[in-house]
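# Examination of the molecular architecture
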Amino acid sequence: MKRNIFSFLKVFAGITLLLLSTMVLAVLWPMPQLKPPPRHHSIFIKAINIIDVTSGHLLRNRDIIVRDNVITHIDTAGVLMPDTTFILIDGTNKFLMPGLWDMHTHSTQHSEWVHHPLFIANGITGIRDMSGQLNRRDSYFAGSRERLIWNDELGKNKRVTPRYVLQSSFQIDGAFSVPEGFPEFFKLQKSEDVDSLLRFYKNENVDFIKVYDQIPLNGYEMLATQAPKYGMHVAGHKPRSVSLEDAVSLGQKSFEHGRIFLTECFPQADSLRTAKNWRAFFSKAKASMVNDFNLELAKKLMHQMKAHHAHWTPTLQTLKFEAFAHEPAFLQNPNLKYIPYLSKKLWWDSDVRNNAKRNLSRDGKNISAAFYYAAMGQIKVANEVGVPIMTGTDVSDSYIFPGFSIHTELEDLTKSGLSNLEALQSATIVPVKFVGAEKDYGTIEIGKIADLIILDKNPLDDITYSKTIYGVILNGIYYDSDKLNELKEFTESVSLSFHMNVKILYSLVRSPLMRVQFAD
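In this text, all values refer to a predicted model and were calculated from it rather than measured experimentally. (Residues numbered from 1 in each chain as written. Predicted model: local features only at pLDDT ≥ 70, side-chain atom pairs only at ≥ 80, totals over all residues. Heavy atoms only, no water.)

A few words on the side chain of N458. In this fold, N458 is placed in the loop between β13 (452–455) and β14 (469–474). For N458, a relative accessible area of 7% puts it in the buried group. Within the local environment of N458, its side chain forms a polar contact with the backbone nitrogen of L460, the two atoms lying 2.9 Å apart. What N458 contacts, discounting residues up to four positions off in sequence, is I51, L58, F95 and Y465. (Helix = DSSP H or I, 4+ residues; strand = E, 2+ residues; numbered from the N terminus. Buried < 20%, exposed > 50% of the residue type's maximum accessible area, 1.4 Å probe, protein only. Polar contact = N/O pair within 3.5 Å; in protein donor to acceptor, adjacent residues only side chain to side chain. Contact = heavy atoms within 4.5 Å.)

Structural data, given as structure tokens:
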């Protein structure tokens, strides 16, 4: 008997040691490097149709010269003459538009493998990331230091990445969101914490403070008024304890997600703001937010946002997932192959189960779908009022696919009442003006940076044609269809690899910021 037990323990120890060794080897195994193609100092685009995203006009049959990533000449086809130093792109019967910007993403330490290639393959050249770190490097979340390095390496042609156009703080959400061992000022429990927090993030080259749901009211008010003194602004969620009217008046520059008017314009809005269990109250009140919605109050708030130039990033894809998580046709998305297996199993599958269960329950049936469609209706009204609307997807949330989801968001914005042109503007000139970078980006003009997409079809005719990408020009590199396919294949291969998934697990386990989020 003892011999059998001893033999079992030896086998068990051997298997355990083998598994641990395999995991350690996977963590240490070097990742494949995605090297950018050679940069072209001179590019000649011949006989292409230019989409003017300001007017909606089409400039037909134009030749364009790009030198050192700047548009230097635009003229009628046949006037400009390229020489042998140019790379020649035949634009006959094709369409040229500015690169798209995704104004709500969440980058991680793994973004260079699982996000960046897909962004570029889908014509996304600009990113506003809504994540950050506290006072030390996190094993999972990327921060301003990493993103600024990525930008620098993009300029030096050492990395395949979109441009990160603004830098975010960590999401400021009150005491519970700050793990043990980090400075107390991140919790915003005292008035003097505000200046400490702002000084810290100013030194981290952060552009805005990302505010979240449970940020203390006094801390939020002081952040919003003090941030401009440090050259920063406030953006993110509308905090639960603050009315939208007050948040706009205090100067919050952008509001994220599709629920901002739904939670403000129903009879129990004040009770929702003061509820001790906000989530439970929200769940019970969700039907009332749709059925008892006060459109006149919403219009008043929208006019206030317009007057203060406060932007709205609806991220409709997050509400869409909640609405249709129980439908097999929605879940059977071909882009799942680009998502690491572990990401799907650890939280995507759980989100699917929870939302599907709620959608199929007697009390929850059709409520999330009604919520999603109500948000779409409010986008139509807000757009008519003049609220600036920006595209954002909320990568890495469940069923949000890097790059691909921006095109679905554009389509949903047109279904919400925006014209094809207005949808394109929400991903080009509107976010560019929000950032204050219209001198260099957003339109196709002489002197501007040549972040460009070449399309087979005109999205002004049908917004789904934004997906007909023939080529992308970024940082003087021309990604033709073969190179774009290589980018997709790279991420697909990496996402399936054992060592990539083990690295993700290891980074999640080691991340105190992620542990706090999972605990919440």
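Strands sit in the order β9-β10-β11-β12 across an open sheet of four strands; the sheet is parallel. At either end of the open sheet lies a strand with only one pairing partner, and these are β9 (208–211) and β12 (311–313). For this sheet, the mean inter-axis angle between neighbouring strands, taken without regard to orientation, is 25°. Where strand β10 (residues 233–236) lies against strand β11 (residues 254–256), two bridges are found, and the strand directions are parallel. Its bridge partner lying in β11, A235 is registered against S254. (Pairing = 2+ DSSP bridges. Axes fitted to C-alpha atoms, helices over the stretch in contact; angles between N-to-C directions.)

Right, let's talk about unusual backbone geometry for a bit. Between V395 and S396 the backbone carries a cis peptide bond, its omega angle lying at 25°. Mapped onto the fold, S396 is located in the loop between α14 (367–385) and α15 (404–415). In the Ramachandran plot, D68 falls in the positive-phi region, its phi being about 50° despite a non-glycine side chain. Mapped onto the elements of the fold, D68 is located in the loop between β2 (58–67) and β3 (70–76). You can call D68 exposed: its relative accessible area is 53%. A positive phi angle, close to 70°, is found at N366, a residue other than glycine. Tracing the backbone shows N366 in the loop between α13 (341–360) and α14.

Overall, the coordinates contain 22 aromatic pairs when judged by the stated rule. Taking the centre distance of 6.1 Å and the plane angle of 90° together, the rings of F44 and F86 count as edge-to-face. Here F44, found in strand β1 (residues 42–51), pairs with F86, found in the loop between β3 and β4 (87–90); they are 42 residues apart in sequence, far enough to count as distant. Classification of F44 by relative accessible area gives buried; the value is 2%. Following the ring pairs from residue to residue traces out a cluster consisting of F321, F324, F330, W348, Y372, Y373, Y399 and F401. Note that K94 overlies the ring of Y470, its terminal NZ or CZ placed 4.2 Å from the centroid. Sitting over the face of the ring of F434, K253 holds its NZ or CZ atom 4.8 Å from the ring centroid. (Phe/Tyr/Trp six-rings, centres within 6.5 Å; stacked < 30°, edge-to-face > 60°. Lys NZ or Arg CZ within 6 Å of the ring centre and 35° of its normal.)

Let's shift gears to the sheet that holds strand β6 (residues 100–105). Two pairing modes exist for strands in a sheet, parallel and antiparallel, and in both the strands are linked by backbone hydrogen bonds. Strands sit in the order β6-β7-β8 across an open sheet of three strands; the sheet is parallel. Looking along the sheet, the strands with just one partner apiece sit at the ends: β6 and β8 (163–166). Sheet twist, expressed as the mean angle between neighbouring strand axes with direction ignored, is 30°. Packed onto the sheet, α15 meets β6 and β7 (124–129) and runs at close to 100° relative to β6.

One pass over the full model with this rule turns up 23 salt bridges. For D349, the salt bridge goes to K345, with nearest N and O atoms at 3.1 Å. In this pair, D349 and K345 both sit in helix α13, four residues apart, roughly one turn of the helix. Residue classification places D349 among the partly exposed residues on the basis of a relative accessible area of 25%. By relative accessible area, K345 is classed as partly exposed at 44%. (Salt bridge = Lys/Arg side-chain N within 4 Å of Asp/Glu carboxyl O.)

Once that is clear, we can look at the side chain of S254. Looking at the element boundaries, S254 is found in strand β11. Among the residues examined, S254 registers a relative accessible area of 0% and is labelled buried. Dropping the residues within four chain positions of it, S254 is found in contact with R128, V234, A235, G236, H311, M390 and F434.

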